[in-house]
Amino acid sequence: LASVSASLGLAVGAAAPSGESALVAGPSLMVIYMVLGVLNPSGAPPAGEKKKGSCPTVLLPVKTASPIKWAVESLLCSEFRGLHFTRDLKSTPRMGAIALVRSGDQALEALGLEDQTTGKCVRAMGTLLLSHILVAIGALALAKPRYVELDATDYHQASEGLAPVSATTA
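Caption draft 1: A look at the overall build of the protein. Summing up its helical and strand segments, the protein has seven helices and two strands in all. Secondary structure of the protein in N-to-C order comes out as α-α-α-α-α-α-β-α-β. Out of the 170 residues in the protein, the part that is buried amounts to 28%. Long-range pairs, those at least 24 residues apart, make up 61% of the contacts in the protein with a sequence separation of at least 6.

Caption draft 2: Structural context of the packing of aromatic side chains. All told, the structure shown has zero aromatic pairs when counted by the stated rule. Over the ring of Trp70 we find Lys69; its NZ or CZ atom is 3.8 Å from the centre of that ring.

Caption draft 3: Broad picture of the side chain of Gln116. Here Gln116 shows up in the loop between helix H5 (104-110) and helix H6 (118-142). Excluding its chain neighbours within four sequence positions, the residues that come into contact with Gln116 are Trp70, Glu73, Cys77, Arg81 and Cys121.

Caption draft 4: Focus on a nonpolar patch on the surface. A cluster of nonpolar residues, Leu10, Leu130, Ile133, Leu134 and Ile137, forms a patch on the protein surface that exposes about 470 Å² of accessible area. Among the secondary structure elements, Leu10 is positioned in helix H1 (residues 2-15). In this structure Leu10 comes out as partly exposed when scored by relative accessible area, which is 46%.

Caption draft 5: Geometry of the pattern of salt bridges. Across all of its chains, the model carries two salt bridges by this definition. Among the salt bridges present, the one from Glu73 reaches Lys69, with a minimum N-O distance of 2.9 Å. Of this pair, Glu73 and Lys69 both sit in helix H4 (residues 67-80), four residues apart, which is roughly one turn of the helix. Take Glu73 and Lys69: they sit in the same class, and that class is buried. Note that Asp105 is salt-bridged to Arg81, the shortest N-O span being 3.8 Å. You can see Asp105 sitting in helix H5 and its partner Arg81 sitting in the loop between H4 and H5, a full 24 residues away along the chain. Overall, the relative accessible area of 35% leaves Asp105 in the partly exposed class. A relative accessible area of 35% means that Arg81 is categorised as partly exposed.

Caption draft 6: Representation of H4 within the structure. Taking 1.5 Å per residue as the helical rise, H4 with its 14 residues ought to reach 20 Å, and the 20 Å between its terminal C-alpha atoms agrees with that figure. Among the 14 residues that make up H4, ten are buried, leaving the element largely enclosed by the rest of the structure. Turning to H4, its buried residues number three or more, namely Pro67, Ile68, Lys69, Trp70, Ala71, Glu73, Ser74, Leu76, Cys77 and Phe80. Those residues of H4 that are buried are in contact with H1, helix H2 (19-37), helix H3 (60-64), H5 and H6. Phi for Gly82, located one or two positions after H4, is positive at around 80°.

Caption draft 7: Structural view of the packing of H1 against H2. Across the interface, H1 lies against H2 with an axial gap of 9 Å and an inter-helix angle of 135°. Classed by the angle they form, the pair H1 and H2 counts as oblique. Classified by chirality, the crossing of H2 by H1 is right-handed. Between H1 and H2, the residues in contact are Ser5, Leu8, Val12 and Gly13 and Ala22, Ala25, Gly26, Leu29, Met30 and Tyr33, respectively.

Reading the values: rules and limits
- Every residue gets a number counted from 1 within its own chain, in the order that chain's sequence is written.
- The predicted nature of this model means local features are confined to residues of pLDDT at least 70 and side-chain atom pairs, given and counted, to a pLDDT of 80 or more, with totals for whole chains, interfaces and linings taken over all residues.
- The side-chain numbers reported here are obtained from all heavy atoms of the structure, hydrogens and water having been left aside.
- A helix here means a DSSP run of H or I that spans at least four residues, while a strand means a run of E at least two residues long, and both kinds are numbered starting from the N terminus.
- For every residue, the accessible area (1.4 Å probe, protein chains only) is compared with the maximum for its type, and the residue is labelled buried under 20%, exposed over 50%, or partly exposed between those bounds.
- When checking whether two residues touch, look at their non-hydrogen atoms; a contact exists if any pair is within 4.5 Å.
- Geometry of aromatic contacts follows a simple scheme: Phe, Tyr and Trp rings, the Trp one being its six-membered ring, pair when their centres are within 6.5 Å, and the pair is stacked under 30 degrees between planes, edge-to-face over 60, tilted otherwise.
- A ring is considered to have a charge above it if a Lys NZ or an Arg CZ atom is located within 6 Å of its centre and within 35 degrees of its normal.
- Patch definition: residues with relative accessible area over 30% and no salt bridge; like charges joined within 9 Å; nonpolar side chains (Val, Leu, Ile, Met, Phe, Trp, Tyr) joined within 5 Å.
- To measure how exposed things are, a 1.4 Å probe is used in the Shrake-Rupley method; for residues, cover is taken only from the protein chains shown.
- We count a salt bridge whenever a side-chain nitrogen from Lys or Arg sits within 4 Å of a carboxyl oxygen from Asp or Glu.
- Multiplying 1.5 Å by the residue count of a helix minus one yields the expected span of that helix.
- Lines fitted to C-alpha atoms define the axes, with helix axes restricted to the stretch in contact, and inter-axis angles between N-to-C directions lie between 0 and 180 degrees.
- Oblique is the label for any angle not under 35 degrees, not over 145, and not in the 65 to 115 range, which are roughly parallel, roughly antiparallel and roughly perpendicular in turn.
- Helix crossings fall into two classes, left-handed where the near helix is turned counterclockwise from the far one by less than a right angle and right-handed where it is turned clockwise.

Shown next as structure tokens:
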């Protein structure tokens, strides 16, 4: 998750026109990814919706691009797959709507992750990492470098350690 988030920061910083706009866009994007990337903890779809269609169709690409979604699903799959819970109510973990499940596989099924594997999640995060790096490379390739133009007197003053008198930006 750390490398995918770092590559996302690199892509946002490369695509942003200034450092200030990157500092605004980065956290805003991560908040959207956090909201869309979490699972419905009750395990039940919202009223009137089927299990797999709990996210509006327009937001599905954003949800798929969320590194948080893939990290959470990967952790759940690696921890719950093949796990057996005791049936004793005192030692049963307090997990909301899935508190009385008998196995980790049952918990994954209640969360809608019965077909998900850790390997699929890791591959998805690798794809996100690569796509963020490609976006950063593309944004840097399209950006036009900006230099300060100096005239001859400014150059001589700068080489002698004096501050230039006038500088114009291109």
